[in-house]
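Commentary on secondary and tertiary structure
Read off the chains here:
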Amino acid sequence: TNEEVGRAGPLVKTPPLTGHPEITTRITEFFIPHQLVSDKKFVVAFNGAAQGSQWWYNAENQTLFVEQPDAAGVPDGAVYKMTLGLTPPSAAKWPLKSHWEDFAMYHLGVLAVILAIIAYFIL
């Protein structure tokens, strides 16, 4: 039943808030595609409790690893903040189009079919 501690409800909106195992790892992994970072340099800044963290990027696995410092002196509820950037910044590779530019042929096709049906019944 949903009343049990640690059980999720039927929706994603009601996740369990208690009963989670303690997080014991100090390494966090981020998937960052190689195509996004090729020929670029990482700019990484750590703030709050994350100061002193180390990071490295494994191109073969396309993974950015961040190792947090020992949490022995970090109080409960401390905020870890990491800011990641790329130099030079990535440019937009896909130009944005309007709805009409993407679907004009479909709209015109439906319009042609409707006009053909009307013309069939009128003539």
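Residues numbered from 1 in each chain as written. Predicted model: local features only at pLDDT ≥ 70, side-chain atom pairs only at ≥ 80, totals over all residues. Heavy atoms only, no water.

For soluble globular proteins, the rule of thumb is that nonpolar side chains tend to be buried together. Within the largest apolar cluster, 8 residues are counted, these being I32, V37, F42, F46, A50, L64, V66 and L86. Looking at this core, the elements that each hand over two or more residues are β2 (41–48) and β4 (63–67). Residues in contact with V66, not counting those within four places in the same chain, are R26, I27, T28, F30, F46, S53, Q54, W55 and M82. (Core = buried A, V, L, I, M, F, W, Y, C linked by side-chain atoms within 4.5 Å. Buried < 20%, exposed > 50% of the residue type's maximum accessible area, 1.4 Å probe, protein only. Helix = DSSP H or I, 4+ residues; strand = E, 2+ residues; numbered from the N terminus. Contact = heavy atoms within 4.5 Å.)

The next point concerns a nonpolar patch on the surface. On the surface, W100, M105, L108, V110, L111, I114, L115, I118, I122 and L123 cluster together to form a nonpolar patch covering roughly 1,100 Å² of accessible area. Note that M105 resides in helix α2 (residues 99–122). Judged by relative accessible area, M105 falls into the exposed class, the value being 67%. (Patch = residues over 30% accessible without salt bridge, like charges linked within 9 Å, V, L, I, M, F, W, Y side chains within 5 Å. Areas by Shrake-Rupley, 256 points an atom, 1.4 Å probe, with all protein chains shown as cover. Salt bridge = Lys/Arg side-chain N within 4 Å of Asp/Glu carboxyl O.)

We now examine the side chain of Q68. With respect to the helices and strands, Q68 occurs in the loop between β4 and β5 (80–87). By relative accessible area, Q68 is classed as buried at 16%. Of the polar contacts made by the side chain of Q68, one reaches the side chain of S53; its length is 3.0 Å. Filtering out sequence-adjacent residues up to four positions away, Q68 remains in contact with R26, A50, S53 and Y80. (Polar contact = N/O pair within 3.5 Å; in protein donor to acceptor, adjacent residues only side chain to side chain.)

Our focus in this paragraph is unusual backbone geometry. At the junction of T87 and P88, the peptide bond is cis and its omega measures out at -10 degrees in the coordinates. Relative to the helices and strands, P88 resides in the loop between β5 and α2. Of note, the phi angle at Q62 is positive, near 55 degrees, even though the residue is not glycine. Tracing the backbone shows Q62 in the loop between β3 (54–58) and β4. We classify Q62 as partly exposed; its relative accessible area is 27%.

The residue P69 is located in the loop between β4 and β5 in this model. Separated by 19 residues in sequence, P69 and A50 have C-alpha atoms that sit 7.3 Å apart. Setting aside anything within four residues of it in sequence, one finds P69 in contact with R26, A49, A50, Q51, G52 and S53.

If you walk across this open sheet you meet the 3 strands as β1-β4-β3, and the pairing is antiparallel. Sheet topology places β1 (27–31) and β3 at the edges, where each strand pairs with a single neighbour. Across the sheet, the axes of successive neighbouring strands diverge by a mean angle of 20 degrees, strand direction being ignored. The pairing of β3 with β4 spans 5 bridges and is antiparallel. Bridge assignment links W55 to a residue of β4, and that residue is V66. (Pairing = 2+ DSSP bridges. Axes fitted to C-alpha atoms, helices over the stretch in contact; angles between N-to-C directions.)

On to the pattern of salt bridges, then. Per the counting criterion, the structure on display carries 1 salt bridge. A salt bridge links E67 to R26, with the nearest nitrogen and oxygen atoms 3.4 Å apart. Of this pair, E67 sits in strand β4 while R26 is found in the segment before β1, placing the two residues 41 residues apart along the sequence. Judged by relative accessible area, which is 38%, R26 ranks as partly exposed.

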